[in-house]
Amino acid sequence: MPKIISSKEAAALIKPHNRILFGGFLTVGCAENIIDELVKTGTKDLHLIAIASDYEHKGVGRLVVNNQIKSAQLSHLGTNKSTQAQMNSGQIEVEIVPQGTLMERIRAKGAGLGGILTPTGVGTVIEEGKEKFIVDGKVFILEKAISADFAIIKAKKADKHGNLVYSKTARNSNPIMAMSADITIVEVDEIVEIGELSPEEIITPGIFVDYIVLSGLPK
Amino acid sequence: MDKNDKDYKKILIGKRIAKELSDGDFVNLGIGLPTEVANHIPKGINVYFQSENGIMGVGPAPNSGDEDPEMINAGGGFITAISGSAFIDSAMSFAIIRGGHLDMTVLGALQVDQKGNLANWWIPGKFVPGMGGAMDLVSGAKKVVVAMEHCDKNGNSKILQECTLPLTAVGKVNLIVTDMAVMKIEKDKFRLLEIAEGYTIDDIQKATEADLIIEGEIKNFGVN
């Protein structure tokens, strides 16, 4: 059974040099309460793995602005000037990963795979330094699985088993990241009793969830 | 209307690309100019739009005051969902994209060349926004259409013999629609299909660095 903790307790679990998967797409489906607390802790040298580095004032972008990120794997950083500036100055080392590749590399880890073969990026700088394979006459790049210490994700509701349901376009990367870290922390708007969620509507089964944080709990 | 007017160009390009759509198509429109296509769907056909952040069946933008913070498109803009839409996670979204299930993707570009190569994600020495979903989209969609202005703001051709910027994908572009012309890739050249009203073949040749195939009937296209 996952443990229900506060966002402050969640942030305290994170240590320097941890590799963290952050769910969300341009802050939609992003665990803002946990990020609030993480900004307060000021824990540094984190490795950020996310679709985008969001905005300077919202989402994971705040961790960049607060100089807490040492390195990152992102598919888009155009919405956050601080990420760009810190990348140019050498403060942050960024690997830019095509979005579909990023998702499958994360999913691969959770699914016990060493990596994936994708046609995305063949003939571009993305293939540099990577092995290529020809399968049935088509060229693929080997993209290795991405591991992480923590996944910090957002769902709409959890039951006390950690079964999760999402809301609209706030689902995005969250169910993928839920599978793939050593420890998964989910922020939810509502925690319900076991049996209140229909097994048919559950997107992420509770086996992946270690900690549940209720949004808006006293910090 | 003035053919150099930004809004005119947007409507011209969007409307022409919309004519490429067929009933029942599943389509992904890139951020910016490509989104204009959705405003010109021919009457009598239904087209389903994907937004790669997680929805099949994007509807129009909501009325002011009706925005739902959990309903955005890949550009971060507020959207609605059509009846019969589906929410999907990011892995499913890119399985749809990479797996060859989309009928068409429409993207903007910095450069396109006559081998069907596309560059649209990085200007070395300047800003690196990242490619987001663009590399997967051009790698997987059945038809790749580029929507862009024919020349950059300094008047240099964006349609080249060979791209000089880092590529997004190799040999994937099928059709280009600009404010001056409609062209398709054929035998490592661009075949000129249509010319925008107000321009001549000579104008197109002067504004295009790539090798052109100009033969047969070449129609005009406009905003009407």
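Parameters at a glance
- Residues numbered from 1 in each chain as written.
- Chains lettered and ligands numbered in written order.
- Predicted model: local features only at pLDDT ≥ 70, side-chain atom pairs only at ≥ 80, totals over all residues.
- Heavy atoms only, no water.
- Core = buried A, V, L, I, M, F, W, Y, C linked by side-chain atoms within 4.5 Å.
- Buried < 20%, exposed > 50% of the residue type's maximum accessible area, 1.4 Å probe, protein only.
- Helix = DSSP H or I, 4+ residues; strand = E, 2+ residues; numbered from the N terminus.
- Contact = heavy atoms within 4.5 Å.
- Patch = residues over 30% accessible without salt bridge, like charges linked within 9 Å, V, L, I, M, F, W, Y side chains within 5 Å.
- Areas by Shrake-Rupley, 256 points an atom, 1.4 Å probe, with all protein chains shown as cover.
- Salt bridge = Lys/Arg side-chain N within 4 Å of Asp/Glu carboxyl O.
- Buried area = accessible area lost by both parts, 1.4 Å probe.
- Polar contact = N/O pair within 3.5 Å; in protein donor to acceptor, adjacent residues only side chain to side chain.
- Phe/Tyr/Trp six-rings, centres within 6.5 Å; stacked < 30°, edge-to-face > 60°.
- Lys NZ or Arg CZ within 6 Å of the ring centre and 35° of its normal.
- Pairing = 2+ DSSP bridges.
- Expected span 1.5 Å × (residues − 1).

Caption draft 1: The nonpolar core, seen in detail. Judged by nonpolar contacts, the single largest core of 49 residues is most densely connected at Ile17(B), Val106(B), Val112(B), Val146(B) and Ile176(B). The biggest single contributor to this core is helix α1 (residues 6–18) of chain B, with five residues. Excluding residues within four positions of it along the chain, Val106(B) makes contact with Ile17(B), Asn28(B), Leu29(B), Gly30(B), Pro34(B), Val37(B), Val145(B) and Ala147(B). With 33 residues, the next largest nonpolar core counts Leu48(A), Leu74(A), Ile185(A) and Met131(B) among its residues.

Caption draft 2: The arrangement of a nonpolar patch on the surface in detail. Residue and element names in this part refer to chain A. A surface patch of nonpolar side chains, about 220 Å² in accessible area, is lined by Leu117, Phe133 and Val135. Its place among the elements puts Val135 in strand β7 (residues 132–135). Using a relative accessible area of 35% as the deciding quantity, one classes Val135 as partly exposed.

Caption draft 3: Local environment of the interface of chain A and chain B. The partner chain B presents 37 residues to the 36 residues of chain A that form the contact. Buried area between chain A and chain B, both sides added, is near 2,900 Å², and the carbon and sulfur share of it is 63%. Linking chain A to chain B there are one salt bridge. Residue Lys168(A) is joined to Asp68(B) by a salt bridge in which the shortest nitrogen-to-oxygen separation is 2.5 Å. The tally of links between chain A and chain B comes to 17 residue pairs in polar contact (both at pLDDT 80 or more).

Caption draft 4: Looking closely at the packing of aromatic side chains. All names here are of chain B. Using the criterion set out here, one finds two aromatic pairs over all chains in the structure. Arranged with centres 5.2 Å apart and planes meeting at 25°, the rings of Phe26 and Tyr48 form a pair that is stacked. With Phe26 in strand β1 (residues 26–29) and Tyr48 in strand β2 (residues 48–51), the pair connects residues that are 22 residues apart, well separated along the chain. Residue class for Phe26 comes out partly exposed when judged on its relative accessible area of 32%. Ring plane angle 50° and centroid distance 5.3 Å describe the contact between Trp121 and Trp122, whose orientation is recorded as tilted. Judged by relative accessible area, Trp122 falls into the partly exposed class, the value being 25%. The ring of Tyr199 has Lys3 lying over it, and the distance from NZ or CZ to the ring centre is 5.0 Å.

Caption draft 5: Spatial organisation of the sheet that holds strand β9 (residues 159–160) of chain B. Residue and element names in this part refer to chain B. Overall, mixed pairing links the three strands, which are arranged β7-β6-β9 in an open sheet. Each of the sheet's edge strands pairs with one partner strand only, and the pair in question is β7 (118–119) and β9. For strand β6 (residues 111–113) and β7, the ladder comprises two bridges, and the chain directions are antiparallel. From the neighbouring strand, Val112 faces β7, where its bridge partner is Leu118.

Caption draft 6: Broad picture of α1(B). Residues and elements named next belong to chain B. Between its first and last C-alpha, α1 extends 18 Å over 13 residues, near the 18 Å set by a 1.5 Å rise per residue. For α1, every residue scored as buried is listed here: Tyr8, Lys9, Leu12, Ile13, Gly14, Arg16, Ile17 and Ala18. For α1, the secondary structure elements touched by its buried residues are β5 (104–107), β8 (144–147), β10 (175–177), β11 (181–186), β12 (189–196) and β14 (219–221). Between the side-chain oxygen of the N-cap and the backbone nitrogen of Asp7 there are 3.1 Å, and the N-cap of α1 in question is Asp5.

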